[in-house]
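What follows is each chain in one-letter form.
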Amino acid sequence: MAVKPIRLFGDPVLRTPAEPVKDFDKELRQLVKDLTDTMIDAPGAGLAAPQLGVGLRVFTYYVDDRLGHVVNPTLDLSDEQETDDEGCLSLPGLTFPTPRSLGVVAKGFNMHGEPITLEGTHLLARCVQHETDHLDGIIFIDRMDAEQRKAAMKAIREAEWFGDPAPVVKESPHRTFGKAI
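Residues numbered from 1 in each chain as written. Predicted model: local features only at pLDDT ≥ 70, side-chain atom pairs only at ≥ 80, totals over all residues. Heavy atoms only, no water.

Per an unreviewed UniProt entry, the recorded name for the protein chain is Peptide deformylase, and the organism is Actinomadura citrea. The Sequence similarities (unreviewed entry) field of the UniProt record for the protein chain holds the comment "Belongs to the polypeptide deformylase family." Per its UniProt entry, the protein chain bears the Catalytic activity (unreviewed entry) comment "N-terminal N-formyl-L-methionyl-[peptide] + H2O = N-terminal L-methionyl-[peptide] + formate". (UniProt positions renumbered as here; feature names shortened; annotations may be inferred.)

Put into structure tokens, the structure is as follows:
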């Protein structure tokens, strides 16, 4: 098992857009394994490479007993929206109402470079959007309106982990709305 430290809110790597994966090699397969092991250990419903300090476009997910990963994702989002509580392993213990598209079709590749398509609604759609945001340097609180974001920033500043360098986070449950993804 290769559990890695999860970067916390405030770490600049979380605001840096990730680079496309070009080499589908042993290092990529190890990164997917590290992401999966860390996500399951945390536990979380998803984890993106930047959350481990790696600036590549790859994420893992574990939602409704569906475990997988997507490399270099592109998303097609449904027009229908829903707002539900959302959390993040990089903001442990905090959840906030966040608007997302109800459905998603993600296209990309697996770790061997084979094309894949992932379709989902509700939590899976939320997870895929959340993790793809991480690949774009976007944190889920950026999706809130100004008043909600102000309240979220206050809660973040008051969190006991705020300002810590990068401890391994193990306190956020997964697989349901309002939980860390």
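Still more to cover.
## Considerations on the packing of aromatic side chains
When we look at a pair of aromatic rings, we describe it by the centre distance and by the angle of the planes. Scanning the model with the defined rule gives 2 aromatic pairs in all. Residues F24 and F109 carry aromatic rings whose centres are separated by 5.9 Å and whose planes lie at 65 degrees to one another, so their mutual orientation is edge-to-face. Of this pair, F24 sits in the segment before α1 (26–41) while F109 sits in strand β6 (residues 103–109), placing them 85 residues apart in sequence. A centroid spacing of 6.1 Å and a plane angle of 35 degrees characterise the contact between F96 and F140, whose relative ring orientation is tilted. You can see F96 sitting in strand β5 (residues 91–101) and its partner F140 sitting in the loop between α2 (122–135) and α3 (146–158), a full 44 residues away along the chain. (Phe/Tyr/Trp six-rings, centres within 6.5 Å; stacked < 30°, edge-to-face > 60°. Helix = DSSP H or I, 4+ residues; strand = E, 2+ residues; numbered from the N terminus.)

## Looking at the environment of M39
Positionally, M39 belongs in helix α1. Residues M39 and Y61, 22 residues apart in the sequence, show an inter-C-alpha distance of 7.9 Å. If sequence neighbours within four positions are ignored, M39 has contacts with G44, A45, G46, L47, T60, Y61, Y62 and L67. (Contact = heavy atoms within 4.5 Å.)

## Notes on the pattern of salt bridges
Going through the model one piece at a time under the given rule, you end up with 9 salt bridges. Residues R126 and E86 are paired through a salt bridge, measuring 2.5 Å at the closest nitrogen-oxygen approach. Residue R126 is located in helix α2, and its partner E86 is located in strand β4 (residues 81–88); the two are separated by 40 residues in the primary sequence. A relative accessible area of 1% places R126 in the buried class. (Salt bridge = Lys/Arg side-chain N within 4 Å of Asp/Glu carboxyl O. Buried < 20%, exposed > 50% of the residue type's maximum accessible area, 1.4 Å probe, protein only.)

## Remarks on the sheet that holds strand β2 (residues 58–63)
The strands making up a sheet associate through backbone hydrogen bonding, with each pair oriented either parallel or antiparallel. Taken in spatial order, the 5 strands of this open sheet run β1-β2-β3-β6-β7, and their pairing is antiparallel. Of all strands in the sheet, those with a lone pairing partner are β1 (46–48) and β7 (115–121), marking the two edges. Sheet twist, expressed as the mean angle between neighbouring strand axes with direction ignored, is 40 degrees. Summarising the sheet, β6 and β7 pair through 7 bridges and their orientation is antiparallel. Across the sheet, G103 pairs through a bridge with T121, a residue of β7. On top of the sheet, α1 reaches β1, β2 and β3 (66–77); it is set at about 40 degrees to β2, its chief contact. With respect to the sheet, α2 is in contact with β1, β2, β3, β6 and β7, its orientation differing from that of β2 by roughly 160 degrees. (Pairing = 2+ DSSP bridges. Axes fitted to C-alpha atoms, helices over the stretch in contact; angles between N-to-C directions.)

## Considering the confidence of the model for the protein chain
In the predicted model, the protein chain carries a mean pLDDT of 90, and the fraction of residues at 70 or more is 89%. Here residues 166–179 scores under 50 on pLDDT; set against residues more than four positions off or in separate chains, the count is 54 contacts. (pLDDT = per-residue confidence, 0-100.)

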